[in-house]
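In case you want the letters, here they are:
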Amino acid sequence: MMEKSGGFSATGLRRLREVLARHVESKKIPGLVALVGRGDHTHVEAIGTMRHDGGAPMRRDTIFRMASTSKPVAMAAAMVLLDECRLRLDDPVDPWLPELADRRVLKRIDGPLDDTLPARRPITVRDLLTSTFGLGMDMTALGSPIMGAIFEQGLTPDLPEPMPEPDEWIRRLGTLPLMHQPGERWQYQISHDVLSVLVARVTGRSFEEFLRERILDPLGMTDTGFHVPADKIDRLPDLYAPDPQTGEFHVWDAAEGGRWSRPPAFQGSGGGLVSTVDDYHAYFRMLLNGGTHRGRRILSRPAVRLMTTNRLTSEQTAARIAMATDNVHISYGQGQHGGWGMGMAVRTYQADYAPVGQFGWDGGSGTTTYADPENRLVGILLTQVGMSVPDPARLIHDFWTTLYQAIDD
């Protein structure tokens, strides 16, 4: 074997495999699939088994629940509509989403739901694309009436009931006040699922149909979608949420008969996709290529730049950094990037081994997907252990730490 393999040192790739294997051997991670790519060179590791008690080995084509790593891919559907002038950044969303017209805003984040004042302006497309429309998952406001209402109404994936179909989902959302004025503050998650409804209404088709026609099919992402068909279900592992106290493996979502074994009522941009390392590699390479894939243009270069450049003001970025640094004990140190583009994190300061400008995101099901323009690098690591325990987060950290050491120019 050559001492250098496609921009990675052979020694570095060996060490990467050893570090990943150590996590599997610890019995904390049953199995994983990792892909690293630079230019035309791709290196894949499939280690361990589909189940925590053995079973079939992990394979390169194992299908994983992408959780929040769905966000960067699903966002591309809205970018197509921007490219085609079917949406404009600063248009109000009211014509498409009348449920979100005439918003009221809480006077204080922890106040009663009827203590509100009128929104200063309508919600715009830009507010949704940058996660600043005024509602989101705010871990600093847990226990407040508004967060309680968001959970009770089934407005977030999996807690405590499945999300209803899109028209009912957006109707329920429209009964709540905003937490912040439109455009004021970056908040996580909910804006992405609003985009699912917006794209479907603008195109007159289901969100998945439009995403498949314009993004997934042209990129050859044949294993990506919002559920796993019966003839592929053997490639989907059970998803575990280990007990935080005992570490005992609990099945959070079974493959057979589980949440992804049939089409969902709501095709959620925020966390609904299933995919493989090769499908995601095609997508992130397209972004690194400025929007083209094998000579075919998928997104315009300016659309890719919008998605992959920090879009937050310095005040918004400061709040996002504070959230990441103050919640390390909850998030196990995930998310120290600084900025946010459209659908993904963008590094604005070097907090670890990855350089400024790296973009992508992590998922609560033990997934991580980033691309790095400076090194022309894509890294993807997928597992079946949820972030109820720190083990998948530690695995993800070690993956990136060793991957960046393996670069050899």
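Now for a description of the structure that goes with this document. Since this is a predicted model, take the numbers as computed values, not measurements. (Residues numbered from 1 in each chain as written. Predicted model: local features only at pLDDT ≥ 70, side-chain atom pairs only at ≥ 80, totals over all residues. Heavy atoms only, no water.)

## Description of helix α7 (residues 207-216)
The complete set of buried residues in α7 reads F207, E208, F210, L211, I215 and L216. With its buried residues spanning 160 degrees around the axis, α7 presents them on a single face. Residues of α7 that are buried make contact with α2 (70-83), α6 (190-203) and α8 (277-288). (Buried < 20%, exposed > 50% of the residue type's maximum accessible area, 1.4 Å probe, protein only. Helix = DSSP H or I, 4+ residues; strand = E, 2+ residues; numbered from the N terminus. Arc of directions from axis to C-beta. Contact = heavy atoms within 4.5 Å.)

## Let's talk about the side chain of D362
Along the chain, D362 turns up in strand β16 (residues 359-363). For the buried D362, no salt bridge exists, and the shortest N-O distance to an oppositely charged side chain is 6.5 Å, to R347. At 2.6 Å, the side chain of D362 and the side chain of T368 are in polar contact. Among the polar contacts listed, one links the side chain of D362 to the side chain of Y370, at a separation of 2.8 Å. (Lys, Arg positive; Asp, Glu negative; His and termini not counted. Salt bridge = Lys/Arg side-chain N within 4 Å of Asp/Glu carboxyl O. Polar contact = N/O pair within 3.5 Å; in protein donor to acceptor, adjacent residues only side chain to side chain.)

## With respect to the pattern of salt bridges
The final tally for this structure, using the stated rule, is 26 salt bridges. A salt bridge links E209 to R205; the nearest nitrogen and oxygen atoms lie 3.9 Å apart. Judged by relative accessible area, which is 42%, E209 ranks as partly exposed. On the accessibility criterion, R205 (30% relative accessible area) is partly exposed. Between D223 and K232 there is a salt bridge, with the nearest N and O atoms lying 2.7 Å from each other. K232 shares its class with D223; the two are buried. Ionic contacts of the salt-bridge type, sharing partners, join the residues R59, D61, D223, K232 and R235 into one network.

## Details of the nonpolar core
Core analysis: the largest hydrophobic core is formed by 115 residues, its most contacted members being Y283 and L299. Residue contributions to this core peak at ten residues, all from α2. Setting aside its immediate chain neighbours within four residues, Y283 contacts P72, V73, A76, I215, L219, M221 and M307. Counting seven residues, the second-largest nonpolar core is a separate cluster that includes I63, V228, A255 and V274. (Core = buried A, V, L, I, M, F, W, Y, C linked by side-chain atoms within 4.5 Å.)

## Observations concerning the pairing of strand β4 (residues 41-51)
Pairing analysis gives eight bridges linking strand β3 (residues 31-38) to β4, with the strands arranged antiparallel. Looking across to β4, one finds that R38 is bridged to H41. Between β3 and β4, which follow one another and run antiparallel, lie two residues, and G39 among them has a positive phi close to 60 degrees. Taken together, β4 and the strand that follows it, strand β5 (residues 54-57), pair antiparallel across an intervening segment of two residues. (Pairing = 2+ DSSP bridges.)

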